[in-house]
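Fold and contact review
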Amino acid sequence: MKKNYKMKKTVSMKQFVTEFGEDFSKHMKQRLMELGTRCVLTRKEESNILDLKHVEHTKYECNDKDKPGGCRKEYAYGQFIMNEGCMYFSENCVETPDVMQAPVISDIYDHLNSQEILNGETVNAKKVDDENIDYVVDKILEVCPEMSPEHLAIISRY
């Protein structure tokens, strides 16, 4: 497999909609853009699998068995998988030494009663469409914090 060095690893919600949203409805695009003020998408090797994180990459205390003294990780609030023009919400996010899965992910995934796919060998995901986009976005906005005044001050200079 050839590695794509030109692929952007961090993508704004606007870039995501531009890159993948050709088949999205107007309503779906609008709801996704609401996440854009708080969230950014990151991806690793595959361009169509993106993790949703807070724009400030805030770290929280975590319970890591390997680090009894405690640790700090940032939350991933979901993982979107794009497949043949459709968006799917993954059952799990990729967890790393710096990233942990937000508890809301399992609530969202369990609530979705749409078509399920198996991406690769281990990733279960359910389709996100006009029927359930409101629930997905509202649940993420409930738990994903607003931008801090410090961050707003920084970006207001640009």
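Let me begin by describing the structure that accompanies this report.

Thresholds applied
- Residues numbered from 1 in each chain as written.
- Predicted model: local features only at pLDDT ≥ 70, side-chain atom pairs only at ≥ 80, totals over all residues.
- Heavy atoms only, no water.
- Disulfide = S-S within 2.5 Å.
- Buried < 20%, exposed > 50% of the residue type's maximum accessible area, 1.4 Å probe, protein only.
- Helix = DSSP H or I, 4+ residues; strand = E, 2+ residues; numbered from the N terminus.
- Core = buried A, V, L, I, M, F, W, Y, C linked by side-chain atoms within 4.5 Å.
- Contact = heavy atoms within 4.5 Å.
- Pairing = 2+ DSSP bridges.
- Polar contact = N/O pair within 3.5 Å; in protein donor to acceptor, adjacent residues only side chain to side chain.

**Details of the state of the cysteines**
Simply put, the disulfide is a covalent bond whose two ends are the sulfur atoms of two cysteines. Using the criterion set out here, one finds one disulfide in the structure. The side chain of Cys62 participates in a disulfide bridge whose partner is Cys71; the two sulfur atoms lie 1.9 Å from each other. In this structure, the disulfide formed by Cys62 and Cys71 twists by about -100° around the S-S bond and is classed as left-handed. Per residue, the accessibility class of Cys62 equals that of Cys71, and both read buried.

**Concerning unusual backbone geometry**
Of all residues except glycine, most have a negative phi; of all peptide bonds, most are trans. Although it is not a glycine, His57 sits at a positive phi angle of roughly 50°. Among the structural elements, His57 can be located in the loop between β3 (49-54) and β4 (59-62). We classify His57 as partly exposed; its relative accessible area is 31%. Phi at Glu84 takes a positive value of approximately 50°, unusual for a residue other than glycine. You can see Glu84 is positioned in the loop between β5 (71-83) and β6 (86-90).

**Let's talk about the nonpolar core**
Generally speaking, nonpolar side chains in soluble globular proteins are found buried as a group. Core analysis: the biggest nonpolar cluster contains 34 residues, and Phe16, Leu32, Met87, Phe89 and Ile140 have the highest contact counts within it. Listing elements by their share of this core, those giving two or more residues are α1 (13-20), α2 (26-35), β2 (39-42), β3, β5, β6, α3 (104-111) and α4 (133-143). Looking at this core element by element, the count peaks at five residues for α4. For Ile140, the residues in contact, after removing those within four places along its chain, are Leu35, Cys39, Leu52, Tyr77, Phe89 and Ile108. Core analysis: the second largest hydrophobic core is formed by five residues, Ile49, Ile81, Tyr88 and Ala125 among them.

**Focus on the pairing of β5**
Within β5, 10 of the 13 residues are buried, leaving the element largely enclosed by the surrounding structure. Of the strand pairs in this sheet, β3 and β5 are connected by five bridges, and their pairing is antiparallel. By the bridge assignment for β5, Lys53 is matched with Ala76. The pairing of β5 with strand β7 (residues 99-101) spans three bridges and is parallel. Across the sheet, Ala76 pairs through a bridge with Gln101, a residue of β7. Here β5 pairs with β6 via four bridges, running antiparallel. Its bridge partner lying in β6, Asn83 is registered against Cys86.

**Re the side chain of Lys73**
With respect to the helices and strands, the residue Lys73 is situated in strand β5. Polar contacts involving the side chain of Lys73 include one to the main-chain carbonyl oxygen of Thr96, which spans 3.4 Å.

Interpretation note: all reported values are geometric properties and have no functional meaning in isolation.
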